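# Architecture and fold: a report
Okay, here's what each chain looks like letter by letter:
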Amino acid sequence: MKTTQPRLQDALGRPLQDLRISVTDRCNFRCTYCMPREIFGPDHAFLPRPALLTFEEITRVARLFASLGVHKIRLTGGEPLLRKQVEALVAQLSSISGTDLTLTTNGAILAKKAQALRDAGLKRITVSLDALDDATFKRMNDADFTVKQVLEGIEAAQLAGLQPIKVNAVIQRGVNEHAIVDLARHFRGSGIILRFIEFMDVGATNGWRLDDVVSATEIQQRIAAHWPVEPLEPTAPGEVAERYRYCDGTGEIGIIASVTRPFCRDCSRIRLSTDGSLFTCLFASHGFDLKTPLRAGADDATLLQSISSLWQHRTDRYSEIRSEATQGRRKIEMSYIGG
Ligand code: SAM
Ligand code: SF4
Ligand code: SF4
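So, here's what we can say about the structure. Every chain begins its residue count from 1, and numbering advances along the sequence as written. As a convention, the first chain written is A and the first ligand written is 1, with the rest following in written order. The predicted origin of the model limits local features to residues at a pLDDT of at least 70 and limits the giving and counting of side-chain atom pairs to 80 or more, whereas totals for whole chains, interfaces and linings rest on all residues. Here the side-chain values reflect all heavy atoms present in the structure, with hydrogen atoms and water set aside.

### Some thoughts on the site of ligand 2
Here a residue is near a molecule or strand as soon as one of its heavy atoms is found within 4 Å of it. Close to ligand 2 lie C27, F29, C31, Y33, C34, M35, G78 and N106, which account for all nearby residues. When residues are sorted by character, Ala, Val, Leu, Ile, Met, Phe, Trp, Tyr, Cys and Pro go into the nonpolar class, Asp, Glu, Lys and Arg into the charged class, and all the rest, Gly among them, into the polar class. Residue composition of the shell around ligand 2, by class: 6 nonpolar, 2 polar and no charged.

As structure tokens, this is what we get:
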């Protein structure tokens, strides 16, 4: 008789469903809101190669998570396409049954990589793009990458059959508010799902201020002023984006209101850093070192026990309690922990 394992839940009753894996802490962009050049300059010490989990180690950990109920795996970073032979990792992970694998990229070298990723078993992809004009885009990526390079990456992903394609845009007051309507106009009717992200206070280096956040409500209103939209039901519990459809049937958009309408109560995500630590919240100040036992030869049962215990004790709800009290505390950078 088949026995079903009880679902692993944290201290607030939230199931463990979603694993984000950072495959590199390096990036070819220096987005001002993520890896500001003053901090991530030529002297910044990135992780040395031996510190990185190998593909075999990552795959082993991912299998353990799948056995605990994880059914969504996202590769991220840093810029995941900079990890050498990342498609070989995609091939290993896509063989884990019952999991949906995806990847978030800045798109700069996607044109070269899209077909190899598809061939390795990747089905869908998310590409970040914060503006459609080079002046704004270059000011934000601070590394001279053009909009055209990213659009070519998106086109290559479409041609390779990656589906659906989502495009993420972080909106910052006074920086790229005009991109809201530009991007909506561009991607309407293309089949690509555009998602706006409220600027978040991740890490400790991006100089975040609440005044720089353009709220989800304002983003929705700015779009609705051009093209009426109506809300859609969430497709799954724990979905981070609030979804809207254009009333004229030209597709949908999503808005991720992490600051103004936090969704901690449904947060089912855990993050595996490039060097093998687990973080139960994007805003965590400490990780749980999984690499040491992994490399010391721990068996699956021991690792499963550690992961289960970590999740069962989890009480994180940073975005819901974001306040003066949480402002000064140490936070890990998103490029290391995985966006
Ligand atoms: N390098 C890849 C990319 O940019 O798509 C993957 C990693 S990046 C950390 C993942 C996502 O986090 C991107 O869509 C990025 O725009 C978003 N992000 C980074 N810093 C952010 C911030 N301060 N607020 C909101 N979103 C942020
Ligand atoms: Fe790199 Fe992505 Fe961070 Fe931009 S958001 S600096 S592309 S990791
Ligand atoms: Fe999840 Fe932490 Fe973000 Fe809340 S703040 S949604 S607990 S990652």
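### Looking at the site of ligand 1
Taken together, 20 residues surround ligand 1, and among them G78, T105, S128, V170 and M200 come closest. Within 3.5 Å is the distance limit for a polar contact, defined as a pair of N or O atoms, with the added protein rule that one can donate a hydrogen and the other accept it, and that residues adjacent in sequence qualify only through two side-chain atoms. Contact distances for ligand 1 include 3.2 Å between a nitrogen atom and a backbone N or O atom of Y33. A distance of 3.2 Å separates an oxygen atom of ligand 1 from a polar atom in the backbone of T105. Throughout, the Shrake-Rupley method with a 1.4 Å probe supplies accessible areas, and for residues the shown protein chains are the sole cover considered. Protein chains bury 95% of the 540 Å² of accessible surface belonging to ligand 1 in isolation. The helix and strand labels rest on DSSP assignments: H or I over at least four residues marks a helix, E over at least two residues marks a strand, and numbering proceeds from the N terminus. At the level of elements, strand 3 (100–105), strand 5 (165–171) and strand 6 (193–198) are the ones that each hand at least two residues to the shell around ligand 1. Residue composition of the shell around ligand 1, grouped by class: 8 nonpolar, 10 polar and 2 charged.

### Regarding the environment of T280
Locating T280 in the fold gives a position in the loop between strand 11 (277–279) and strand 12 (288–289). Considered as a pair, T280 and V213 are 67 residues apart in the sequence and their alpha carbons are 24 Å apart. A polar side-chain atom of T280 sits 2.6 Å from a polar atom in the side chain of D316.

### Some words on the packing of helix 1 (residues 55–67) against helix 9 (residues 300–312)
Axis lines are fitted through C-alpha atoms, for helices just across the contact stretch, and the angle between N-to-C directions can take any value from 0 to 180 degrees. Between helix 1 and helix 9, the shortest axis-to-axis distance is 10 Å and the interhelical angle comes to 65°. Relative to helix 9, the crossing made by helix 1 is right-handed. Every residue of helix 9 that contacts helix 1 at R60, L64, F65 and S67 is listed here: D300, L303, L304 and I307. Here a crossing is taken to be left-handed if its near helix is turned anticlockwise relative to the far helix by less than a right angle, and right-handed if that turn runs clockwise. The criterion used for residue contact is that any of the two residues' heavy atoms lie within 4.5 Å.

### Examining unusual backbone geometry
Following Q163, the chain continues into P164 via a peptide bond in cis, with omega recorded as 0°. Of note in this structure, Q85 is not a glycine but carries a positive phi near 60°. Secondary-structure assignment places Q85 in the loop between strand 2 (72–76) and helix 2 (86–93).

### A closer look at helix 1
Along an α-helix, residues three or four positions apart point the same way, because every turn accommodates 3.6 residues. The span you would expect from a helix comes to 1.5 Å times its residue count less one. Here helix 1 spans 18 Å end to end across 13 residues, near enough to the 18 Å set by a 1.5 Å rise per residue. Among all positions in helix 1, only F55, E57, I58, T59, V61, A62, L64 and F65 are buried. When a residue's accessible area, from a 1.4 Å probe over protein chains only, is under 20% of the maximum for its type it is buried; when over 50% it is exposed; and in between it is partly exposed.

### Regarding the sheet that holds strand 1 (residues 18–22)
Read from one edge of the open sheet, 12 strands run 7-8-9-6-5-4-3-2-1-10-11-12, paired in mixed fashion. Only two strands of the sheet have a single partner each, and these edge strands are strand 7 (229–231) and strand 12. A pair of strands is considered paired only if DSSP assigns at least 2 bridges between the two. Inspection of the sheet shows strand 4 (residues 125–128) paired to strand 5 by 4 bridges, in the parallel sense. Paired with S128 across the strands is N168, a residue of strand 5.

### Quick notes on helix 9
Here helix 9 contains 13 residues, and its C-alpha end-to-end distance of 18 Å stays within 8% of the 18 Å for a straight helix at 1.5 Å per residue. Along helix 9, the positions that sit buried rather than exposed are L303, I307, S308 and W311. The buried residues of helix 9 all sit within an arc of 130° when viewed along its axis, so they share a single face. Residues of helix 9 that are exposed and point more than 90 degrees away from the buried face comprise A301 and Q305. As for helix 9, its buried residues are in contact with helix 1, strand 10 (269–272), strand 11 and helix 8 (291–295). This arc corresponds to the set of directions leading from the helix axis out to the C-beta atoms.

### Considering the pattern of salt bridges
If the charged atoms of two oppositely charged side chains come close together, the side chains can form a pair. Just to be clear on terms, a salt bridge is a Lys or Arg side-chain nitrogen sitting within 4 Å of an Asp or Glu carboxyl oxygen. Within the structure shown, the criterion is met by 22 salt bridges. For R20, the salt bridge identified is with D18, shortest N-O distance 4.0 Å. The residue R295 makes a salt bridge to E57 at a minimum N-O spacing of 2.8 Å. Taken together, the residues span a long stretch of sequence, with R295 in helix 8 and E57 in helix 1 at a distance of 238 residues. When its relative accessible area of 39% is taken as the criterion, R295 is described as partly exposed. Salt bridges sharing common partners tie together D10, R14, R314 and D316.

### Some words on the packing of helix 6 (residues 179–187) against helix 7 (residues 216–224)
Closest axis-to-axis distance for the helix 6/helix 7 pair is 9 Å, and the angle between their directions is 55°. Compared by their axis directions, helix 6 and helix 7 come out oblique. In this structure, helix 6 meets helix 7 at a crossing whose hand is right-handed. Where helix 6 abuts helix 7, its residues I180, V181 and A184 lie against I219, R222 and I223. Roughly parallel means an angle under 35 degrees; roughly antiparallel means over 145; roughly perpendicular covers 65 to 115; every other angle is labelled oblique.

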